[in-house]
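Next come the chains, spelled out residue by residue.
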Amino acid sequence: MTNCPTLIVTVGLPARGKTYISKKLTRYLNWIGVPTKEFNVGDYRRECLKIYKSFEFFRPDNEEGVKIRRQCAMSALNDVRQYLSVEGGQVAVFDATNTTRDRRGTIMKFAEQNGFKVFFVESVCEDPEVIAQNIVQVKLENPDYMNCSSEEAIEDFMERIKCYETSYQPLDEDLDSDMSYIKIMDVGRRYLVNRVVDHIQSRIVYYLMNIHITPRSIYLCRHGESDLNIKGRIGGDSGLSGRGKEFAKRLRNFLEEQNIKDLKIWTSQMKRTIQTAECLGVPYEQWKSLNEIDAGVCEEMMYEEIQEHFPLEFALRDQDKYRYRYPKGESYEDLVQRLEPVIMELERQENVLVICHQAIMRCLLAYFLDKTSHELPYLKCPLHTVLKLTPVAYGCKVESVYLGVESVNTHRDRPENVNVQRSTEDALQTVPAHL
Amino acid sequence: MSSTQRDSGASTNSTEAKKTDPRWNEKKCSWASYMTNSPTMIVMIGLPARGKTYMSKKLTRYLNWIGVPTKVFNLGVYRREAVRAYKSYDFFRHDNEEAMKIRKQCALVALQDVRVYLTEEGGQIAVFDATNTTRERRDLIQAFVKENGFKVFFVESVCDDPDVIAANILEVKVSSPDYPEKHRERVMEDFLKRIECYKVTYQLLDPDDYDKDLSFIKVINVGQRFLVNRVQDYIQSKIVYYLMNIHVHSHSIYLCRHGESNHNVEGRIGGDSELSPRGKQFAHALRDFIDEHKLSDLKVWTSQLRRTIQTAEELGVPYEQWKILNEIDAGVCEEMTYQMIQDSFPEEFALRDQDKYHYRYPGGESYQDLVQRLEPVIMELERQGNVLVICHQAVMRCLLAYFLDKGADDLPYMKCPLHTVLKLTPVAYGCKVEMFYLNVEAVNTHRDRPLGKNPRDSALIHRRNSYTPLSSHDQVKRPRLYSAGNQPWLPLAPTPSALMPERLQSQARTGGSCLSPCAKDSTLMAAKKLVAVFASE
């Protein structure tokens, strides 16, 4: 979708959520297939200056400090150039304060020289509570403050912020009117968007406008065991088995226990997820995009049958499970594309339970846990297990809850031999047991 | 990049969902309040000639197309009703007491119509298209909105580029009913004076103080910059995204189908066959057509089916394949002829004719599904310059319906013959359509609407739409994009499920299909003058 590589540049005082935004944006762009990498100048500074002593380093009159910081920024920009021009990256996120017009000018010159587009993301926030929360959540864990008490760390950090405040030149509507940027104010209460020039910038803006930091949890689980599951067949649209129905009941109890505020429930449009949700006795929404991956000509087959009728296809799939598309069906890559609106809506929502399918759950999980396209198709998503994802600091905490109802295992690991000439035995090596 | 749009997006505020407690027992009340998202009023703000009506109409067309019943209420229309003959800009002077009274009266009448639309006629969004430049007027609107339990979202258009304003005036004001004599300089002069009248009392939205708690988007200099404040829900976020992606640069969109395929020749639907010899000829002709029209920077898009790809290959230019441009999936009927379908699935065949838009092939898709999955294509077409989309019959109908503002009733019967290129050029408030038949014969794949409207057998339709049994008690009745802001378009039939003993309150709002061509009611003037309508029958 994008031709020129894009350099996203964060702007803002410390503790304004720049790294949070950088990491989240990077995760999202990678998930939708845009190779993206973030470059945190703070990391470069920690490399350079093995030991952090105090906020004094950041004082504007600390000449040596200024020199080192400048060098770190240059070093990071060099790596950016390497990533975008040589390594095939599409988007680089340059995560630093970049609070002066001077620094931003340097970056823009660099981008122009290398043929990159620049998009600024500025975060402005004056709410002391939000800032304090920030500091507690992410700064105290920071390597800079490993050897201090919390109070000392907070105090030092506040002083650090002050060092930047005097020279801070926020993006200006008039002076910076030719630049492409989004200014995020008060954690998303307000946005100022200027000169969005292409598709990727418009997607980035849409994404940034949909995320929030209100605490919440996302629950992911599969439908209860289905009749086809028991028979070892993939796809299809069968109903729940006896054990599957039991799981649905247990799920209801589990949700009652958890006492989740304003929980929304989403299912696909296939019988097995709908039947699972029906047992919960509360309203739910059906999304066609949550339907299981379409296995095309292999629908409702057992792996043994696929090996018998389509041994070549079976081998090709094992060679590149993410990109492989079933004849007349879909690939994991196709799934990611059709799940993108689901992800966008999950970002907007608060507490949600998504009752879906194995391949779907793998894709969603890969988004939240930042898994690569290699890992994605092999993520373990067993039946009758609920995953509770809670965003925390820069990532996601995962709790796995097995609801104690037995089921078949539907997980098929990558076999050792993926050669198209392999024997049937080798091909079926990792097929899980079934009736 | 091709993604399938999802079919529903929950948008309720937690304030609405808070009405449910405890959640486990009152299934239908909480469900109804959850689904009956407050209707939303979009209020335009801005001096004359700032593109308010342009944005209103476009937004309305888009929202209706994605299934959210929306209607524009243009105050100018009401004023022209009240004051038959427009004399001059004096009417708009802020010290013209009598005129002020009339103008306020018009606003109140319009608001009444808004209320009726949103509470009784099944509307979900009302776009109030007027200058609304004073705080007094906006406060009046806010009081109205509060009284009726609606949400409100403001869209302010601010522009100080005199060239843009002049171009605006020439393009749409010169042909306005207010200026029948159409003498350009006179029109320009009077209109500019009209703008001055408003400037005197214009109070811009103030995000830092007076208006900081309002939900709004400020569009500055035709989309160069946007200020977005307090987006409350899903539909507002979609509206913002849409407004940020449209532009006013002139460009043309070319729509055509693949060349005739082998299946076409055999009368088979769907499948993935190759081009017939005549189809290949068409591809050559298409190449010549593109050369003739000297289109700079033309982007070419195809689906991922062979017949469109083969067509594009002949053009000798780079092209992009979108999976979501694939033809409608006919499920169990794939690759059958209509005769075969009628023989093997007579009931399905009849059902489809009863309601071609909502009917979903077993194991396949409906036109409604198509519209959903084509939404990213529309969004990207809005962003782009010149594009040629080589697609399929059903897909092309959906895209065309968006550009020509056709509702669900007409969409599935729009004529999209093979070997014909449609050129769409946005013009004033609509779209100019030119049709180019490239002189290569092909079979006709169009099936007309069956004669005599059969009464809809709702029970059958429900059974068909609920391809899977056992659903949440109102799922069966909802159109797919329900929680994007729709209310059910069919009366709620009782379900066998014990979950729902009574009918939902939203049943009272049934009536016209929520996919009724709402936008067509907007300024008759514009509709007549500016759209060269492509005959669909």
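Note that the coordinates shown come from a computational prediction; the quantities given were computed from them, not determined experimentally. (Residues numbered from 1 in each chain as written. Chains lettered and ligands numbered in written order. Predicted model: local features only at pLDDT ≥ 70, side-chain atom pairs only at ≥ 80, totals over all residues. Heavy atoms only, no water.)

**Describing the pairing of strand β12 (residues 395-402) of chain A**
All names here are of chain A.
Inference 1: The pairing of strand β11 (residues 385-392) with β12 spans eight bridges and is antiparallel. Bridged to V386 within β12 is V401.
Inference 2: Connecting the antiparallel pair β11 and β12 is a turn made up of two residues, with A393 showing a positive phi of about 50 degrees. (Pairing = 2+ DSSP bridges. Helix = DSSP H or I, 4+ residues; strand = E, 2+ residues; numbered from the N terminus.)

**Remarks on the nonpolar core**
Nonpolar side chains in soluble globular proteins tend to end up buried together.
Inference 1: Within the largest apolar cluster, 119 residues are counted, with the highest numbers of intra-cluster contacts made by I182, L208 and L364 of chain A together with L63, I217 and L399 of chain B.
Inference 2: Filtering out sequence-adjacent residues up to four positions away, L399 of chain B remains in contact with L255, L325, L374, V377, I378, V389 and C391 of chain B.
Inference 3: Residues L7, Y145 and I161 of chain A together with Y86 of chain B belong to the second largest nonpolar core, which totals 88 residues. (Core = buried A, V, L, I, M, F, W, Y, C linked by side-chain atoms within 4.5 Å. Buried < 20%, exposed > 50% of the residue type's maximum accessible area, 1.4 Å probe, protein only. Contact = heavy atoms within 4.5 Å.)

**A look at the confidence of the model for chain A**
Note that predicted coordinates carrying low pLDDT should not be read in detail.
Inference 1: Of all residues in chain A, 99% have pLDDT values of 70 or greater, and the mean over the chain is 92.
Inference 2: At the level of individual helices and strands, chain A shows its lowest average pLDDT in strand β9 (residues 285-286) of chain A, which scores 84, and its highest in strand β1 (residues 6-11) of chain A, which scores 98. (pLDDT = per-residue confidence, 0-100.)

**Observations regarding the sheet that holds strand β9 (residues 320-321) of chain B**
All names here are of chain B.
Inference 1: Sheet architecture is open: six strands sit in the order β9-β8-β10-β7-β11-β12, paired in mixed fashion. The strands lining the two open edges of the sheet, one partner per strand, are β9 and β12 (430-437).
Inference 2: The strands touched by helix α15 (residues 367-383) within the sheet are β7 (253-257), β8 (299-302) and β10 (387-391), with β8 carrying the most contacts at an inclination of about 175 degrees.
Inference 3: Packing of helix α16 (residues 393-404) onto the sheet brings it into contact with β7, β10, β11 (420-427) and β12, and relative to β7 it is tilted by some 155 degrees. (Axes fitted to C-alpha atoms, helices over the stretch in contact; angles between N-to-C directions.)

**Brief notes about the pattern of salt bridges**
Inference 1: Counted according to the given criterion, the structure contains 51 salt bridges over all chains.
Inference 2: For E126 of chain A, the salt bridge is made with R16 of chain A, and the minimal N-O distance between the two is 3.7 Å. Here R16 of chain A lies in the loop between β1 and α1 (18-31) and E126 of chain A lies in the loop between β4 (117-124) and α5 (128-139), a separation of 110 residues in the sequence.
Inference 3: Judged by its relative accessible area of 53%, E126 of chain A falls in the exposed class.
Inference 4: K199 of chain B is the partner of E196 of chain B in a salt bridge, and the nearest nitrogen-oxygen pair spans 3.5 Å. Here E196 of chain B and its partner K199 of chain B are both found in helix α8 (residues 184-201), three residues apart, which amounts to about one turn of the helix.
Inference 5: Assessed through its relative accessible area of 41%, K199 of chain B is described here as partly exposed.
Inference 6: Here the salt bridges do not stand alone but share partners, grouping D43, R45, R46, D144 and R160 of chain A into one network. (Salt bridge = Lys/Arg side-chain N within 4 Å of Asp/Glu carboxyl O.)

**A look at the pairing of β4 of chain A**
Residues and elements named next belong to chain A.
Inference 1: Among the eight residues that make up β4, six are buried, leaving the element largely enclosed by the rest of the structure.
Inference 2: Bridge count for β1 against β4 is six bridges, and the pairing is parallel. Across the sheet, residue L7 finds its bridge partner in β4, namely V118.
Inference 3: Where β4 meets strand β5 (residues 181-185), five bridges bridge the pair, whose relative direction is parallel. When the sheet's bridge partners are listed, F120 is paired in β5 with Y181.

**Regarding the packing of aromatic side chains**
Residues and elements named next belong to chain A.
Inference 1: Going through the model one piece at a time under the given rule, you end up with 28 aromatic pairs over all chains.
Inference 2: Plain terms: the ring middles of W266 and W287 are 4.6 Å apart, the flat faces sit at 35 degrees to each other, and that makes the pair tilted. One end of the pair, W266, is in strand β8 (residues 264-267); the other, W287, is in the loop between β9 and α11 (303-309), and 21 residues separate them in sequence.
Inference 3: Accessibility expressed as a relative area gives 0% for W266, which makes it buried.
Inference 4: Positioned above the aromatic ring of Y303 is the side chain of R412, whose terminal nitrogen or guanidinium carbon lies 5.3 Å from the ring centre. (Phe/Tyr/Trp six-rings, centres within 6.5 Å; stacked < 30°, edge-to-face > 60°. Lys NZ or Arg CZ within 6 Å of the ring centre and 35° of its normal.)

**Considering the packing of α5 of chain A against helix α6 (residues 150-165) of chain A**
All names here are of chain A.
Inference 1: Between α5 and α6, the least distance of the axes is 11 Å, while the angle of their chain directions is 120 degrees. By the criterion of interaxial angle, the relationship of α5 to α6 is oblique. Note that α5 runs across α6; the crossing there is right-handed. Contacts from I131, I135, V136 and K139 in α5 reach I154, F157, M158 and I161 in α6. (Parallel < 35°, antiparallel > 145°, perpendicular 65-115°, else oblique. Left-handed = near helix turned anticlockwise from the far one by under 90°.)

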